[in-house]
Amino acid sequence: MDEKNINSNTENSNFDDNEIFSYDNHNNLNDEGASTFDLNSFSSFRAEEEPIKPKKKKPSSKKQSILKIVLTVFLIGMITVSIVVGSFMFYAFTMVDGTMDEDLENSLNYTTTVYVDDGTGNYKEYRRLHGEFNRIWIDYDKVAIDNKDPEYEGIPQILADAFVAIEDKRFFEHEGIDWKRTFSAFINEFVPIYSSRQGGSTITQQLVKNLTDDRSQKASRKVREIMRARYLEGKYSKDTILECYLNTIPMGHGTYGVEVAANYYFGKSVKDLTIAECASLASITKSPSYYAPDTYPENNKERRESVLYQMYDQGYITKEEYESALSEELNVVAEQKVLNQNNVNSYFIDALITQVSNDLAEEYGYEPAHANKLFYNGGFKIYATVDTKMQEIAENVFLDSDTYAIKGKDGKLMTGGITVMDYEGNVKAIVGGIGEKTTNRGFNCAIDAVRQPGSTMKPIAAYALAIEQDLITYSSLVNDTKTNYNGWTPKNWYNSYWGNITVQYALERSVNTIPVYLVNKMTPQSSYDFLTGKLGITTLNAEDINLSPLGMGGTNGGLNTMESAAAFAVFGNGGLYYEPSLYTKVVDQKGKIVLERNVQPKMAISEDTATVMNHLLRTVVYGGNGTGKAAASYIPNMKIYAKTGTSNDQNDLWFVGGTPYYIASCWCGYEVQQPIPKGHSGIALKMWGNVMSKIHSGLKTKEFSDSNYAEEKYYCTATGELATDACPEKAIGWYRKSNVPVSCTAHTGELLGKPGTEPKEEQSGETEQSTESSAENTTSGEQ
């Protein structure tokens, strides 16, 4: 730009420097003028074209202070929350052990159930036995449900839906913790955003609490619960977690899990529940003591309607199903008897608990206490051998304390026990006391009373083994005479000696000298080994390896009714010994076999020896002088083999007898040993008879099977040899074909043929007559 133009512009501008610079009153330039320099002055020439906008009013200092305080508090809060959350996460993931020992698939505590044969080969539930938790495992199988498996009888989908809808609607979305619900519940503790207190626990968290029983109110408990819930979610599927939850949840009145709850409240299994009943059960969990449908029906109804609405709202049921369920009237049963549990168990159940617990300890190496606890908490299904009708019969007979509870000299009442089993060792009934049973797992006289067996020892310790070894036959002559055995002489109950008598007569009359003679000949050790090794006797001890204990039953240890019955069973089943069993198998809640009593029999004696012994022992009942004659009248249409027994000083009375159906051993005496009062020597036989007669009532007549290796023949009662037509007196005896007597040497004649097929009475044919009562009065002494 040239100078001319500059000057021209300057002139035309008409600016006064006073408009630009500031002067004082003396027209001097003010050095501080710069401080008032205003660039807006340059645009003053546009004042008429663009009005100057008014300046915004600055906020007051008071408002600024409040804003700063709010912002500061917010920032401090955020920092605090970050610190707290960070500390929580650090603590939770580094200091808290979130693992759990519980195995959801195997180790949870569930009620054990006993099943029995209903008589048709089908098993039905009989009793439930549990520890602290009464719960029955029931499967939840989503695959079977989706496939509409007709065999599926587990938890129905609608029941699972009911619990998910009301307890944890985001169950299938979260990983154990519903953070939205958790924070809402936390905030609600301080700011009431909900009308009532909210629960933040998911189904997984509730399962953790149910399994660990961790009820602490400290914050650390909640942290542990959260971490454990995450642990379960990482280890198990949602279906497994839901299944375990539904099987462990407390449901009121001492019931746990949906199956027991369905049994108790509605008298049915979960598979049969209606939608309304499913909703009713789901309503209980919030507070079992407040929402139980039996004690608080209105509370349950109100919450049930909420459950049904949630099911409808979340799409689990249709509108029609919703409305129908709302109008349904529940039929609440709520009775303990539907749970098949008694406050006082039967003697059979007591014995079953003992046997299963012992077998668990032996099979798996458990300590006895652990095995016993596992019985109650293992959720086992035990298939028992008991016949419920027979058990009831035996219990009712032994309830008659007026007849059988005889008062002893010290004022104490007599007690007793009986075991009834079949010929394969399956125990059908057990009673272990006279009168009403008042305790569980108390003294069970059927198995805990180990007492001297008296003369019931003679067939199993002396006669059977002697026949097996061919030392004697049915009719061998033996000498009832006074004999000294190293300073000890056995005495007979009749206080005399009869000289030569047959084996059959010695057994019929319960002579003492003959079995002692036989044991001595075979050796006490052989007899003891036979009892313990072949006949399963476990209750004898080393002091019983002697003549008196084995020949006359004056033992130091003794026998109980269960082992006694099992030993005598060999005479009715062809010589096979079966270990007594109260169950056939035990399975866990998943159906896996835990124990199985696949008892394999042992050949205790040959079948021909068993046949000979069977017929010998029948003469105890049917012989003219048999000590058990009274038994015949109890079961008149079938044969019985039997033996009576009386211990030292008549402290113990026994009767062991078998029919073609069952074998039973009965004992009676006093807990503190003392003589049974006179006039009651036949009471064990009477108790046996009253039980067995009722058991056999209505049964078809049946015969024992005789071995093809044994045969019946006539024998001379004078010589015990095979009878000829010249023998003045004869009787029928049974012999092993390998050991048949010779023809009578005292009466020469033609050997008699095989006895006819006409009905035969088993009788001694002897000439001796007893002057004593049928009850024996055995005495024994130490060798």
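Remember, it's a predicted structure, so these values are computed and weren't measured experimentally.

Undergrad: Sorry if this is basic, but what is going on with helix α16 (residues 388-398) here?
TA: Because each turn of an α-helix spans 3.6 residues, side chains separated by three or four positions in sequence point in the same direction. Within α16 the residues assigned to the buried category are Met390, Gln391, Ile393, Ala394, Val397 and Phe398. An end-on view of α16 places all buried positions within 160° of arc, on one side of the element.

Undergrad: Just to check I follow, could you spell out the sheet that holds strand β7 (residues 427-431) for this structure?
TA: Across a sheet, strands are paired by hydrogen bonds formed along the backbone, either parallel or antiparallel in direction. Taken in spatial order, the five strands line up as β7-β6-β16-β15-β14 in an open sheet, and their pairing is antiparallel. What marks the edges here is a single partner per strand, and that holds for β7 and β14 (641-646). For this sheet the average axis-to-axis angle between neighbouring strands, irrespective of direction, equals 5°. With six bridges joining them, β14 and strand β15 (residues 652-658) adopt antiparallel strand pairing.

Undergrad: In this structure, what is going on with the pairing of strand β2 (residues 123-129)? I would like to understand it.
TA: If a strand is regular, its side chains alternate between the two faces of the sheet. Note that strand β1 (residues 112-117) and β2 share six bridges and pair antiparallel. Paired with tyrosine 115 across the bridge in β2 is glutamate 125. Hairpin connection of β1 to β2: five residues between the antiparallel strands, including glycine 119 at a positive phi of 100°.

Undergrad: Any chance you could explain a nonpolar patch on the surface here in plain terms?
TA: A contiguous nonpolar patch, built from Leu71, Phe74, Leu75, Met78 and Ile79 and spanning about 500 Å² of accessible area, is present on the exposed surface. Along the polypeptide, leucine 75 turns up in helix α2 (residues 61-94). Judged by relative accessible area, which is 45%, leucine 75 ranks as partly exposed.

Undergrad: Can you help me understand the pattern of salt bridges in this one?
TA: Oppositely charged side chains may form a pair once their charged atoms are brought near each other. Overall, the coordinates contain 15 salt bridges when judged by the stated rule. Glutamate 277 is the salt-bridge partner of lysine 268, the closest N and O atoms lying 3.2 Å from each other. Here glutamate 277 falls in the buried class, since its relative accessible area comes to 5%. Arginine 736 is the partner of aspartate 470 in a salt bridge, and the nearest nitrogen-oxygen pair spans 2.8 Å. In this pair, aspartate 470 is assigned in the loop between α18 (457-468) and β8 (477-480) and arginine 736 in strand β18 (residues 730-736), connecting sequence segments 266 residues apart. Taken together, the shared-partner salt bridges connect Asp359, Glu579 and Arg597 into one network.

Undergrad: Sorry, what's going on with helix α15 (residues 368-377) here?
TA: Among all positions in α15, only Ala371, Phe375, Tyr376 and Asn377 are buried. As for α15, its buried residues are in contact with β1, β2, α14 (347-364) and β5 (381-384). Trailing α15 by a residue or two, glycine 379 shows a phi angle of about 65°, which is positive.

Undergrad: Which parts of the structure should I look at to understand a negative patch on the surface?
TA: The grouping of Asp139, Asp141, Asp149, Glu151 and Glu153 at the surface amounts to a negative patch. With respect to the helices and strands, aspartate 141 occurs in the loop between β2 and α3 (142-146). Given a relative accessible area of 33%, aspartate 141 falls into the partly exposed group.

Undergrad: What exactly am I supposed to notice about unusual backbone geometry here?
TA: The bulk of non-glycine residues show a negative phi, and the bulk of peptide bonds are trans. Not every positive phi belongs to a glycine, and lysine 148 is a case in point at roughly 55°. Relative to the assigned elements, lysine 148 resides in the loop between α3 and α4 (157-167). Of the residues examined, lysine 148 reaches a relative accessible area of 69% and is grouped as exposed. Its identity is not glycine, yet threonine 523 carries a phi of approximately 90°, on the positive side. As for its position among the elements, threonine 523 is in the loop between α20 (513-522) and α21 (524-533).

Undergrad: Would you mind showing me how to read the packing of α18 against helix α24 (residues 607-622) here?
TA: In a pair of packed helices, the angle between the axes and the distance between the axes together describe the arrangement. Two numbers describe how α18 lies on α24: the axes approach to 9 Å, and their chain directions differ by 130°. Overall, the two elements α18 and α24 adopt an arrangement that is oblique. Between α18 and α24 the crossing geometry is right-handed. Of the residues in α24, those in contact with Pro459, Tyr463, Ala464, Ile467 and Glu468 of α18 are Thr609, Val612, Met613, Leu616 and Leu617. Tallied by class, residues from the contact of α18 with α24 come to eight nonpolar, one polar and one charged.

Undergrad: Teacher, can you tell me more about the nonpolar core here?
TA: If you look at the biggest cluster of nonpolar residues, it comprises 137 residues, and the most contacted ones within it are Leu352, Val420 and Phe571. Of all hydrophobic cores here, the second largest spans 58 residues; its members include Ala160, Phe171, Leu232 and Ala276.

Undergrad: What exactly am I supposed to notice about the environment of threonine 240 here?
TA: Within the element layout of this structure, threonine 240 appears in helix α8 (residues 238-248). The spatial distance from the C-alpha of threonine 240 to the C-alpha of tyrosine 140 is 8.0 Å, given a sequence separation of 100 residues. Polar side-chain contacts of threonine 240 include one of 3.0 Å to the side chain of serine 237.

Undergrad: How do you make sense of the packing of aromatic side chains when you look at a structure like this?
TA: To describe a pair of aromatic rings, one takes the distance between the centres and the angle between the planes. Using the criterion set out here, one finds 23 aromatic pairs in the structure. When the ring of tyrosine 290 is compared with that of tyrosine 291, the centres are 4.9 Å apart and the planes differ by 90°; the resulting orientation is edge-to-face. Ring plane angle 10° and centroid distance 5.1 Å describe the contact between tyrosine 312 and tyrosine 322, whose orientation is recorded as stacked. In this pair, tyrosine 312 sits in helix α12 (residues 297-313) while tyrosine 322 sits in helix α13 (residues 319-327), placing the two residues 10 residues apart along the sequence. Members of the aromatic cluster, joined through ring pairs, are Trp493, Tyr494, Trp498 and Tyr505. Residue placement shows lysine 437 over the ring face of tyrosine 347; its charged tip is 5.1 Å from the ring centre.

Undergrad: How should the side chain of serine 269 be read in this particular structure?
TA: With respect to the helices and strands, serine 269 occurs in the loop between α9 (258-266) and α10 (275-284). Here glutamate 259 takes part through its side chain, which lies 3.2 Å from a polar atom of the side chain of serine 269. In contact with serine 269, not counting residues within four places along its chain, are Glu259, Ala262 and Asn263.

Undergrad: So what exactly am I meant to see when it comes to the state of the cysteines here?
TA: In protein structure, a disulfide is the covalent linkage between the sulfur atoms of two cysteines. The tally for this structure, following the rule as stated, stands at zero disulfides. Free of any disulfide, cysteine 668 has its nearest neighbouring cysteine sulfur in cysteine 666, separated by 5.9 Å. The exposure class of cysteine 668 is buried, given its relative accessible area of 0%. The closest cysteine sulfur to the non-disulfide-bonded cysteine 716 is located on cysteine 727, 3.7 Å from its own sulfur.

Undergrad: How do you make sense of the sheet that holds β1 when you look at a structure like this?
TA: Taken in spatial order, the five strands line up as β2-β1-β5-β11-β12 in an open sheet, and their pairing is mixed. The open sheet is flanked by β2 and β12 (593-596), the only strands paired with a single partner. Here the average twist between neighbouring strands, direction ignored, is 20°. Bridging between β5 and strand β11 (residues 583-587) involves four bridges; their strand directions are antiparallel. The partner of tyrosine 383 across the bridge, within β11, is lysine 585.

Undergrad: Quick question: what am I supposed to make of the packing of α4 against α8 here?
TA: Two numbers describe how α4 lies on α8: the axes approach to 11 Å, and their chain directions differ by 90°. If you check the angle between α4 and α8, you find them roughly perpendicular. Across the interface between the two elements, Ala160, Phe163, Val164 and Glu167 of α4 pack against Leu242, Tyr245 and Leu246 of α8. Within the contact of α4 with α8, the residues separate by chemical class into six nonpolar, no polar and one charged.

What counts and how
- Residues numbered from 1 in each chain as written.
- Predicted model: local features only at pLDDT ≥ 70, side-chain atom pairs only at ≥ 80, totals over all residues.
- Heavy atoms only, no water.
- Buried < 20%, exposed > 50% of the residue type's maximum accessible area, 1.4 Å probe, protein only.
- Helix = DSSP H or I, 4+ residues; strand = E, 2+ residues; numbered from the N terminus.
- Arc of directions from axis to C-beta.
- Pairing = 2+ DSSP bridges.
- Axes fitted to C-alpha atoms, helices over the stretch in contact; angles between N-to-C directions.
- Patch = residues over 30% accessible without salt bridge, like charges linked within 9 Å, V, L, I, M, F, W, Y side chains within 5 Å.
- Areas by Shrake-Rupley, 256 points an atom, 1.4 Å probe, with all protein chains shown as cover.
- Salt bridge = Lys/Arg side-chain N within 4 Å of Asp/Glu carboxyl O.
- Contact = heavy atoms within 4.5 Å.
- Lys, Arg positive; Asp, Glu negative; His and termini not counted.
- Charge placed at Lys NZ, Arg CZ, Asp CG, Glu CD.
- Parallel < 35°, antiparallel > 145°, perpendicular 65-115°, else oblique.
- Left-handed = near helix turned anticlockwise from the far one by under 90°.
- Nonpolar A, V, L, I, M, F, W, Y, C, P; charged D, E, K, R; others polar.
- Core = buried A, V, L, I, M, F, W, Y, C linked by side-chain atoms within 4.5 Å.
- Polar contact = N/O pair within 3.5 Å; in protein donor to acceptor, adjacent residues only side chain to side chain.
- Phe/Tyr/Trp six-rings, centres within 6.5 Å; stacked < 30°, edge-to-face > 60°.
- Lys NZ or Arg CZ within 6 Å of the ring centre and 35° of its normal.
- Disulfide = S-S within 2.5 Å.

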